[in-house]
Amino acid sequence: MALIHRTTMTPTKLELIADWLPRRAWYAGGADGPRPVRAGGFRLDDPEGEVGIEFMVVADGEGPEAVAYLVPMTYRGKPLDGAEHALIGTSEHGVLGTRWIYDGAHDPVLVRELTALLDGRAVPQQQSVSDAVDETVAVAAVPGLRAAGPAEAVDGAGHTEVRVRAEGDAGALVLRLHRVLRPGGAGDGALGGVTAEWAPAGAGGAAARGAYVSVHRA
């Protein structure tokens, strides 16, 4: 179980994301750069208790015109070998000290636990509450899904794809992380996935719902 600390982070996660986001291939904003605000998400637990795992949604803008981005992140107490390209930044945590924050699509622990979620072996947790299941997250399961490491994450237009495998005859599959979120389902050809909510700033409390992650044949 991940313990959520009520403390400070310097710089904040949003400050790090604001600097990192415009350099992504799937960034859909303008030249002035983003002003990201929290808009939703959930967490997964690392059974070994070493790595924090968060699927954060940030909105850039307000109201129905705001672009919502999925930023899966991992928090580590030391650098992840070979993942320098995936480092979002470092931050000083008020309780845990220096944390190395990574784009979770490139972190094998996040990929492992995401496949466990899709296989029914993990449970989504609320983003800001310790030991609390997030009942708003819906999983269309893909039985037998396993992370085949090392997995390579490849950015595309609006998404990042990570190749994994499934037991039996399914063979190689792709986890598609929908970086630019849109209301609705995962689209044709999806074998399963994860659907959840987000609420853009200035939307009057109205939450959108759509696919965070979908699973496809490789």
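In this text the structure is predicted, and so the values were computed from the model without any measurement.

**Quick word on the overall build of the protein**
- On a plain count of helices and strands, the protein comes out with two helices and 14 strands.
- On C-alpha atoms alone, the protein measures out to a radius of gyration of 16 Å, which is about the 17 Å that the 2.2 N^0.38 rule sets for 218 residues.
- Projecting the C-alpha coordinates of the protein onto the three principal axes gives extents of approximately 45 × 40 × 30 Å.
- Going through the 218 residues of the protein one by one, you find that 48% of them count as buried.
- A sequence separation of at least 24 residues applies to 57% of the contacts in the protein between residues at least 6 apart.
- Element-wise, carbon and sulfur atoms account for 49% of the exposed surface of the protein, whose accessible area totals about 10,400 Å².

**Brief notes about helix α2 (residues 108–118)**
- Counting buried residues along α2, nine of its eleven residues qualify, which places the element largely inside the surrounding structure.
- Buried within α2 we find Val109, Leu110, Val111, Glu113, Leu114, Thr115, Ala116, Leu117 and Leu118.
- Its side-chain oxygen placed 2.9 Å from the backbone nitrogen of Val109, Asp107 serves as the N-cap of α2.
- Where α2 terminates, the next one or two residues include Gly120, which has phi positive at roughly 85°.

**Details of unusual backbone geometry**
- In this chain, Thr10 is followed by Pro11 through a cis amide linkage whose omega measures -5°.
- Tracing the chain through its elements places Pro11 in the loop between β1 (9–10) and α1 (13–20).
- For Asp131, which is not a glycine, the phi torsion comes out positive at approximately 55°.
- Tracing the chain through its elements places Asp131 in the loop between α2 and β7 (138–140).

**Digging into the confidence of the model for the protein**
- Here the protein averages 89 in pLDDT, and 92% of its residues register 70 or above.
- When pLDDT is averaged over each element of the protein, β7 comes out on top at 97 and β1 at the bottom at 86.

**Description of the pattern of salt bridges**
- This structure, assessed with the given rule, holds 13 salt bridges.
- With a closest N to O distance of 2.9 Å, Arg179 and Asp103 form a salt bridge. Note that Arg179 is positioned in the loop between β11 (171–178) and β12 (180–181) and Asp103 in strand β6 (residues 97–103), a separation of 76 residues in sequence.
- The buried category is assigned to Arg179, whose relative accessible area is 0%.
- Classification of Asp103 as buried rests on a relative accessible area of 3%.

**Here's the deal with the packing of aromatic side chains**
- Applying the stated criterion across every chain, the model contains six aromatic pairs.
- Ring-pair connections join several aromatic residues into one group, and the members of that group are Trp20, Trp26, Tyr27 and Tyr69.

**Brief notes about the pairing of strand β2 (residues 36–44)**
- The buried count for β2 comes to seven of nine residues, which makes it a mostly enclosed element.
- In the sheet, β2 pairs with strand β3 (residues 52–60) via eight bridges, with the strands oriented antiparallel. Considered in β3, the bridge of Gly40 is made with Val57.

**Things to note about the side chain of Glu113**
- Along the chain, Glu113 falls in helix α2.
- Overall, the relative accessible area of 6% leaves Glu113 in the buried class.
- Separated by 2.7 Å, the side chains of Glu113 and Arg112 make a polar contact.
- Those residues in contact with Glu113 that sit more than four places away from it in its chain are Leu44, Asp45, Pro47, Ile53 and Ala122.

What counts as what
Residues numbered from 1 in each chain as written. Predicted model: local features only at pLDDT ≥ 70, side-chain atom pairs only at ≥ 80, totals over all residues. Heavy atoms only, no water. Helix = DSSP H or I, 4+ residues; strand = E, 2+ residues; numbered from the N terminus. Rg over C-alpha atoms; globule rule 2.2 N^0.38 Å. Buried < 20%, exposed > 50% of the residue type's maximum accessible area, 1.4 Å probe, protein only. Contact = heavy atoms within 4.5 Å. Areas by Shrake-Rupley, 256 points an atom, 1.4 Å probe, with all protein chains shown as cover. Polar contact = N/O pair within 3.5 Å; in protein donor to acceptor, adjacent residues only side chain to side chain. pLDDT = per-residue confidence, 0-100. Salt bridge = Lys/Arg side-chain N within 4 Å of Asp/Glu carboxyl O. Phe/Tyr/Trp six-rings, centres within 6.5 Å; stacked < 30°, edge-to-face > 60°. Pairing = 2+ DSSP bridges.

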